[in-house]
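Spelled out, the chains give:
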Amino acid sequence: MRLNNTPNQRVVGARIAALEGGEDSYVAASGMSAITATLCTLLGEGDHLLIERGCYGGTDALARHTLPRMGIEVDFFDADTPSQDWPVRDNTKVVYAEAIANPTLRVIDHERLVTFARARGLTTVVDNTFATPVFFRPLELGYDLVLHSATKYLNGHSDLVAGVVIGPEETLRRVRSVANHLGGCLDPGACFLLERGLKTLPLRVRYQAGTAQALAELLEAHPLVSRVHYPGLPSHPHHRRASKTPRAPTTPEATPGDPTTRAKSATVRSWSTRGTRS
Ligand SMILES: Cc1ncc(COP(=O)(O)O)c(C=O)c1O
């Protein structure tokens, strides 16, 4: 036994690959570990990364602070602007996005992004943590690689930290090799727990989505809540797009300056997203 080759890492990885409809996978010690191993595999000194503005904070910080120190150039793009405005360059190698962004729950036009990247021979990577393969299977749309923080919905029991990347066998062989150099490794006990969590994935996330929708509607009608960011609501700018894709946790916003509202909102937020966010 060495890094990243225990039998239950392989078994749970194969199950997640099947859920996403991918050839192979690498289960990692955390979502960030999966993201780091993937980007360090696909990008090297002098390469350019195009990443959607407003991704999860850890990913954003990796792109903003760490990758540039490795000689990797990074630009952020606003997926709601025309694609001719996206700052693609001759050395661009990877386009990175989130299926449903954390925490704004923005849902971009994934088809447009994939078409844009394919026309330029760029590798596409999407973080599918918030959508899960129950609601969205990005490889079917043409994404090259799919990532997850398995800490959230894939496990669903709030008792482990894990990550996974799914994609073609050849790319995954390279990701595993870089991950071995970086040294992170998912504990075999955590693999067992993750596999247990997967068994209830469709039941859990469908139920959670129903609860989130009801909660979002209730909050939107509440006089002390100024705005609710939930793509299941017709008031969300990406509602039509999201109805083709998924539902996700609600992010209510308190009326500024009202301590009562702030307290209420905070309570609701931690309840509605319990087990889904670190
Ligand atoms: C969308 C998304 N991706 C990646 C991560 C990082 O995952 P982990 O905490 O498992 O490293 C998070 C964590 O909140 C997340 O929300």
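Structure: above.
Cut-off values and rules
Residues numbered from 1 in each chain as written. Predicted model: local features only at pLDDT ≥ 70, side-chain atom pairs only at ≥ 80, totals over all residues. Near = placed C-beta within 6 Å. Helix = DSSP H or I, 4+ residues; strand = E, 2+ residues; numbered from the N terminus. Nonpolar A, V, L, I, M, F, W, Y, C, P; charged D, E, K, R; others polar. Pairing = 2+ DSSP bridges. Axes fitted to C-alpha atoms, helices over the stretch in contact; angles between N-to-C directions. Buried ≥ 20, exposed ≤ 12 C-beta atoms within 10 Å, placed from the backbone. Contact = placed C-beta atoms within 7 Å.

### A short note on the site of the ligand
Step number 1: Around the ligand sit 17 residues, and of these Ser30, Gly31, Met32, Ser149 and Thr151 come closest.
Step number 2: At the level of secondary structure, the elements contributing two or more residues to the shell around the ligand comprise helix H2 (31-42) and helix H3 (57-69).
Step number 3: Split by residue class, the shell around the ligand holds 4 nonpolar, 10 polar and 3 charged.

### Looking at the sheet that holds strand S2 (residues 48-52)
Step number 1: A sheet is described by the order of its strands in space; here 7 strands give the open sequence S1-S7-S6-S5-S4-S2-S3, paired in mixed fashion. Each end of this open sheet is capped by a strand with a single partner; those strands are strand S1 (24-28) and strand S3 (73-77). Direction aside, neighbouring strands of the sheet carry axes that sit 20 degrees apart on average.
Step number 2: Bridge count for S2 against strand S4 (residues 92-98) is 4 bridges, and the pairing is parallel. Among the inter-strand pairings, Leu50 is bridged to a residue of S4, identified as Val95.

### Brief notes about the pairing of strand S7 (residues 163-167)
Step number 1: Most of S7 sits out of view: 5 of its 5 residues are buried.
Step number 2: Across the two faces of S7 the burial is the same, with Gly163, Val165 and Gly167 and Val164 and Ile166 all buried.
Step number 3: Of the strand pairs in this sheet, S1 and S7 are connected by 5 bridges, and their pairing is antiparallel. Directly across from Val27, in S7, lies its bridge partner Val164.

### Thoughts on the environment of Asp24
Step number 1: Residue placement: Asp24 occurs in strand S1.
Step number 2: Classification of Asp24 by C-beta neighbours within 10 Å gives partly exposed; the count is 19.
Step number 3: Between the C-alpha atoms of Asp24 and Val165, which are 141 residues apart in sequence, the distance is 8.5 Å.
Step number 4: Discounting residues that sit within four places of it in the chain, Asp24 has contacts with Ala17, Gly167, Pro168, Glu169 and Leu172.

### Looking at unusual backbone geometry
Negative phi is the rule for most residues except glycine; trans is the rule for most peptide bonds.
Step number 1: In this model, Asn102 is joined to Pro103 through a cis peptide bond whose omega is 10 degrees.
Step number 2: Within the fold, Pro103 resides in the loop between S4 and helix H4 (110-119).
Step number 3: Its identity as a non-glycine residue notwithstanding, Leu105 has a phi of 60 degrees, on the positive side.
Step number 4: By the secondary structure assignment, Leu105 is in the loop between S4 and H4.
Step number 5: Not every positive phi belongs to a glycine, and Ser158 is a case in point at roughly 55 degrees.
Step number 6: Tracing the chain through its elements places Ser158 in the loop between strand S6 (145-149) and S7.
Step number 7: You can call Ser158 partly exposed: it has 13 C-beta atoms within 10 Å.

By themselves these figures say nothing about function.
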